[in-house]
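Chain and residue survey
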Amino acid sequence: MYIELHARSAFSFLEGACTPEDLVRAFASHGMPSMALLDRDGLYGAPRFYLAAKKLELTAHIGAEVTATAGGRYCLLVASRQGYQNLCRLITRLKLRAKKGEGAIEMDELREAKEGLICLTGGDEGLLAHALRTGGTEQAAKCLRELCAIFDRENVYVEVQRHFSLEEERRNQAAIALARSLQLSLLATNGVCYASPDQREILDVFSCLRHHRVLANAGRLLSYNSERYLKSPAQMSALFADLPETIANTVELASRLKFTLKDLGYQFPVYPTPDKESQIEFLRARAWEGMVHRYGTGNERAVQQIDRELAVIEKLDLAGYFLIVWDMVRFCRENNILVQGRGSAANSAVCYSLGITAVDPVSMELLFERFLSEQRGEWPDIDLDLPSGDQRERAIQYVYQRYGKLGAAMTANVITYRGRSAAREIGKALSFDPETLNRLASLVGAWEYIDSKDTLTRQFQDAGLDLEQHRIQKFFELCQKVQDLPRHLGQHSGGMVVCQGQLDSIVPLEPATMPGRVVVQWDKEDCADMGIVKIDLLGLGMMAVLEDSLRLIREHHREEIDLGRLPANDPAVYSALQRADTIGLFQVESRAQMSCLPRLRPKCFYDIVVQVAIIRPGPIVGKMVHPYLNRRLGREAVESLHPSLESTLERTLGVPLFQEQLLRIAMIAAGFSGGEAEELRRAFGFKRSEARMKEVEIKLRRGMESNGIIGETQDKIVRSITSFALYGFPESHAASFALIAYASAFLKCHYLAAFTAAMLNNQPMGFYQPATLIKDAQRHGLRFKPIDVASSDWDCLLEEAPDGFRVRIGLRYVRGLRMEVALQICDQRSVRPFDSIEDLKQRVPEIRKDEFRVLAAVGALNFISGKKGFHRRHALWQVERSSRWSGPLLAGHSLTENQSGESSPLDCMNPEERLNADFRGTSLTIGLHPMAYQRRVLQRQGISPAIQLSSFSDGKFVRVAGAVIARQRPGTAKGFVFLSLEDETGVANIIITPQLFDERHTTVVHHSFLIISGVLQNQDGVVSVKARTVEPLLTASAEMQSHDFH
Amino acid sequence: MAFAAIFVPNFRLQAVVRCEPELAVRPIALIDGLPPTYQVVAVNHLAARLGVAEGMTKAAATQFPGVEIRPRGKPQETTAHAVLLDVAWSFSPRVEDTAPDTVLIDVDGLASLFGSHENIAANMVSKCAEMGLTVQVAIAANVETANVVARALPGATVIPEGQEAKFLESLPVHMLSLSEELCEVFERWGVKTCKALASLPVISLSECVGQEGVRVHAIASGNGVRSLVIAKPAHCFEEFFELEDAVEDLEPLSFLLGRLLDQLCARLAARSLAVRAIHLHFTLQPSFESAFDSCSEAIRKKELSSDYVCTLELPVPCRDAKLLLKLVRLRLQSTPPHAPVQKIHMLAEPSFPRVTQGGLFVPEVPDPEKLELTIARIAHVVGEGNVGSPQLLDSHRPDSFRMHRFSVASAQPIDGDEKTETKIGFRAFRPPVLTKVNLRGGRPINVAFLGRSGEVVHASGPWRTSGDWWEEDPWQQDAWDVEVNFPYETPPSQGFYRICFDSRQKKWFVLGAYD
């Protein structure tokens, strides 16, 4: 018997060419009971290696190749938990103190961490080979003696590898002689870098990427043969027939490696309660306190629910976890950081009472079991939405501060080779010219849907590429082989892990690109698999808007709004939603959402939950939208997919819309266990999911067949479930989002000025440009004040006027104006108002000429002197004059008013010039809409304003014109293009057929203003124009921007 | 004083159309840039009428049916520019090379040669038309006015002295060759025409935009005065020769080449320069394809290029026309053109001549010129790629090398202290010798090659190498080092060899013998 104890996976990043799972499959097929994975400077692949082996009831030994400062690598195998912790700390130390890819370990550091580790001398890159290369036998003997002094003789193995290389054999002979003279054990390994010989090609491509070469000029950087695959015990025994003890020693050594990742020893931190109170008692007290705040005192259902939840939490010993999340939420509250939990936590009344979530699960009848169940045996999932930007960073830094730099870290995001990026890198290695590379890369997207080689050959031929050509064929093979291999480690957007002891003894940590952050070597799935608790701290632009709105309302309206206690069923909110008057609202402002709202006509909060969830690629591709709407409007009978699923789908009129429903269907119809359903849930949102989804589909069909569900019903159910792989929402998640949508609608309806200012201060976000948000707000009666260096701050402000609040546009909208200059303007102004442009120039000397010019062009300097009739062109003239260097003689002497001449020989701008200057300098205007200037002419041409369209009947031929504010060509719409055309009265929705788009592609894509003629469609209050002709409107020239998705 | 300006509108397009006049009647757009971001840089009026505009991407331009899309022709532009200069120099030696599409000429005192200013302007337009360029000409008392008006007005315009401002007043300010910054300033100010600019107070203007403002103000007012920057002719060492009847034999061709080389060398000698390299470009006579349309030979012939190009790089600069002719002849003998030569274009790269002084204690090296001739003669016999010094390739493939151009390294005194180390010598058999090998347990036990048969006493291996898997012909070898006894020879002998099994060919070879 032989056991492979030195193998690298692709998690050695460009030094291995297969996944850990490939290695497990290979060693299982060779009948080996165990194997060791030693990736370079990391344990990145360890969880996947361990889990894959565990599935097959095999043993996964863990280790790593750790770079030595003296050159070469220490090849370390973990024998015990102590050894594992030492290795993790060693790698963490190496990673945290050096630049990416440059860390190394001193021999002294090894001495401190030797416990529980076994050292191999390594292959080509190992310590012994390095010593032999640099100092011959003497140096090698010295190196071995040093290793023995650190690890003790019985923990050092002299490794011999045989890849049919003369050079290597020469080294082996030297190593054998040294081992014999020092009485060390010899160990045969194959220095595995891939599972099967054909993967050598990938390793060669990786070598090229590592050394920035192409295959043609990589020379001896490439492998000399394909022998580094996982060989069978018989092959290895034959290779080492002259050294049988080297083979026997592998078994002996493997038996000494007692550690597996099962004994990780992870502990969630204990929350420090005051007065030696137990965690559950403390939690119970906080939950009841919160309950009174949330539900009042007489809500019996809530009491029962919380009692039940607390019992489960106590049973599962999760009180600490809830308290830690509560602590984090409390920090946010105390520091005025808006926070809201989402995910399955929204199913919990305890979370609601603790203030973690804002959705009331009792009144919404959300099931607690979806959040926490005794059977599932894994940590519950709590995601926290925070305002994007600095506030979120503050929350993250609090976690670091609370649990120590080595006690908390972000989870990693393993970026894999996929699609076009993989194709480009491989193409480069194969020396394809840029043009061929482009053509090949453009074909990549199509591959996923093709299984027959004939079709593929034809596609290649169409692109002018011959698949029969050897190199193209190789390219194609490699692209497929390289898919899903790890490429590099990124940082997950918000997932954090924390640990009771030192996190660096559980998993190695690395510095993230962002300063002040560390990241673990495992991605969030791996962390979950290893039972490490993850808390997601996600940044959401709308949270920042809500937070800013609340602050403005507090400051100006003197009102305190609690988002958790907004008036339910506010008529203004539902009226706006039913009219699809939703520009700027969270999740319901897109064109697709707007065309669905008048049909769905939300009347209660749950309708908003459905609305948020229904316009997603999952339900759309699964063809669930129309049946739901038809059933809601009473045009179709409510029927369940299968009688057994009635209760599951009752709330959504027999149409599955939420992830939980899909899981429940899998459990009822296909007999999935809780664990299998959990696996299905993972496959939904999992990047490496294609293969997994296929597996799941087979299982589903098998399960349904045994339950007698066959034929069309089976297909329908499978389609419903698999289409969710394209993303659909869980119900609790949709509820959390719906709450934010409701809050945003409430603020827009009742505090329009504050909400609009907050929206403008948090751009870019959402679906519309600031120009559109402003026009929409103006149509709702809000008035704006122009940018003015005498009044504007960096952010947009509220200014009180007798007829209500007005929004003063902030200096942030002046294109090219640096924030530090704007702040300095504000500082200087607060000391004393500016009396002239020259004065501004003197007191804010950092201001650059280009910044000065834009300020003048947008009218921000018009009021600086307080004189009437001072116009933008006067300012522009003055700016040029004051920006010129006056020379040493006059330096420090500002021009007097007379000298500077407040007037200029220039004419003032006409309205059109002002409009253009506004768009050029700020991308928006608070004046008339560009289309308003054209209206008289347009009216003569029979062009209707957008507001009139809803009064026309279905089928009428109409002409509309406006600025394109959004262009969309969704993948789910079969090539149709949707335009949103804005004029001074509102937004018209245009549908362009694929044929018309092909004909008028340039006009549609490149022109900012269009005239559309077509047939009006007015169905269920949804108004759109199906275009027959598209013409550019050339008389309008403002530089308006569109939000394009094509 | 009087100055003329010749301006070629839509220069890039005209440069291309000048070479292919038939394009003038078709909608055409020129593209430029790096793939995939090609952009339209010029369109003719037919394409513009269809909607194609400058700045469009290539993809957008291809949407317009019937529009011919061509790459921008930089060589054509260079030639067109040279033509423009030639026309200018044919009028006066005082010429300013202002831009690729513009030249300015001092026409003062040309009346006795060409007549009135009107005649001169008309002459210029017609001469350019003969050369295939449609131009706009303006003559004015000051150079700036001529330059601006030539860009603005079609045909030939003569501006009477004192009337400059009147001609300029309606022209947009951007025609004044403003800097981008000033252009933006005027746009912000709403100053759109020369008249508007001329009406601004010049002192205030200079306070605002500095001396450039004063300059453009003067131009806009019709007072732009400056002197010409006189262009000097470029030094380009090239010779063309077009034959009336194509030449196939080397002898008459050598005669022509010799004459051209003599001329080139004489020109170079006058400038104290020498030849570093010679580029020969023959345009070959097209074959009579119609006669062989159906046969495969004709197809093969169609694939052959109609050009013959070769470059003769010299190890040291030289201007010995006879030596150059010998080298050219040797090259033509070893790789002759495949069809009769119609046109000859010879371009000499100039360089400073070699100046050397031999060291007293430096070993003598061969005369580089003679050495070059000798190498050229050897190459003529053994083939171009088979002469030079072997250079090892960076590859795991055993015995992979290429021939590198031979050159004499700069002589170094011999170092007497060089350490010598005993190494095993290996004599490579090139090509490797085919052999028969018998195996037992995967190891060679006897070999037979070159009529000898031997028993393998010791074998060490296999040493496995493989590579070039991405190429059409990947390789894989298992090599063995073997000690072989030849007991049947008298007297019995032994030897140490490296043998290998080529997995692609499924054959055994002896790669060489150890000394």
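Bear in mind the structure is a predicted one, so any value in this text is a computation, not a measurement.

Moving on: the sheet that holds strand β15 (residues 797-801) of chain A. Residues and elements named next belong to chain A. Strand order in the open sheet formed by three strands is β14-β16-β15, with mixed pairing between adjacent strands. At either margin of the open sheet sits one strand with a lone partner, and together these are β14 (783-785) and β15. Strand-to-strand twist across the sheet, computed as the mean angle between neighbouring axes with direction ignored, equals 40°. Alignment of β15 against strand β16 (residues 804-808), held across five bridges, turns out to be antiparallel. What sits directly across from Glu799, in β16, is Arg806.

Once that is clear, we can look at a nonpolar patch on the surface. Residue and element names in this part refer to chain B. Taken together, the side chains of Ile378, Val381 and Val382 present a nonpolar region at the surface, about 270 Å² in accessible area. Residue position: Ile378 is located in helix α15 (residues 368-382). On the basis of relative accessible area, Ile378 is assigned to the partly exposed category, the value being 39%.

Right, let's get into the nonpolar core. If you look at the biggest cluster of nonpolar residues, it comprises 162 residues, and the most contacted ones within it are Leu811, Leu855 and Leu861 of chain A together with Phe186, Trp189 and Leu197 of chain B. The element that contributes the greatest number of residues to this core is helix α33 (residues 731-750) of chain A, accounting for twelve residues. Once residues within four sequence positions are removed from consideration, Leu855 of chain A is found in contact with Val789, Leu811, Val814, Leu817, Ile825, Ile847, Ala860 and Leu861 of chain A. Listed in part, the 147 residues of the second largest apolar core include Tyr74, Leu178, Phe322 and Ala512 of chain A.

Attention now moves to the pairing of strand β19 (residues 986-992) of chain A. Residue and element names in this part refer to chain A. Burial analysis of β19 places six of its seven residues in the buried class, which makes it a mostly covered element. Examined bridge by bridge, strand β18 (residues 977-983) and β19 share seven bridges and lie antiparallel to one another. Counterpart to Leu979 in the pairing with β19 is Ile990. Linking β18 to β19, which pair antiparallel, is a turn of two residues.

Take the side chain of Arg464 of chain B next. All names here are of chain B. Structurally, the position occupied by Arg464 is in strand β17 (residues 452-467). The exposure class assigned to Arg464 is buried, which follows from its relative accessible area of 18%. Engagement of the side chain of Arg464 in a polar contact is seen with the side chain of Asp478, the distance being 2.9 Å.

Moving on to unusual backbone geometry. For the bond from Arg430 of chain B to Pro431 of chain B, the omega torsion is -5°, close enough to zero to count as cis. Omega for the peptide link from Thr490 of chain B to Pro491 of chain B comes to -15°, which places this bond in the cis form. In this fold, Pro491 of chain B is placed in the loop between β18 (475-486) and β19 (493-502). Its identity as a non-glycine residue notwithstanding, Glu57 of chain A has a phi of 60°, on the positive side. Here Glu57 of chain A lies in the loop between α2 (46-55) and β2 (59-67). Positive phi values are uncommon outside glycine, yet Ser177 of chain B reaches one of about 50°. Checked against the element boundaries, Ser177 of chain B lands in the loop between α8 (164-168) and α9 (180-189).

Turning next to helix α1 (residues 20-29) of chain A. All buried positions along α1 of chain A are accounted for by Pro20, Asp22, Leu23, Val24, Ala26 and Phe27 of chain A. A positive backbone phi angle near 75° is found at Gly31 of chain A, which sits one or two residues after α1 of chain A.

Moving on to the domain arrangement of chain B. By the assigned domains, chain B splits into domain 1 (3-220), domain 2 (237-290 + 300-351) and domain 3 (426-514). Each of domain 1 of chain B and domain 2 of chain B was reduced to a C-alpha centroid, and the two centroids are 39 Å apart.

Basis of the calculations
- Residues numbered from 1 in each chain as written.
- Chains lettered and ligands numbered in written order.
- Predicted model: local features only at pLDDT ≥ 70, side-chain atom pairs only at ≥ 80, totals over all residues.
- Heavy atoms only, no water.
- Pairing = 2+ DSSP bridges.
- Helix = DSSP H or I, 4+ residues; strand = E, 2+ residues; numbered from the N terminus.
- Axes fitted to C-alpha atoms, helices over the stretch in contact; angles between N-to-C directions.
- Patch = residues over 30% accessible without salt bridge, like charges linked within 9 Å, V, L, I, M, F, W, Y side chains within 5 Å.
- Areas by Shrake-Rupley, 256 points an atom, 1.4 Å probe, with all protein chains shown as cover.
- Salt bridge = Lys/Arg side-chain N within 4 Å of Asp/Glu carboxyl O.
- Buried < 20%, exposed > 50% of the residue type's maximum accessible area, 1.4 Å probe, protein only.
- Core = buried A, V, L, I, M, F, W, Y, C linked by side-chain atoms within 4.5 Å.
- Contact = heavy atoms within 4.5 Å.
- Polar contact = N/O pair within 3.5 Å; in protein donor to acceptor, adjacent residues only side chain to side chain.
- Domains from an automatic or database assignment.

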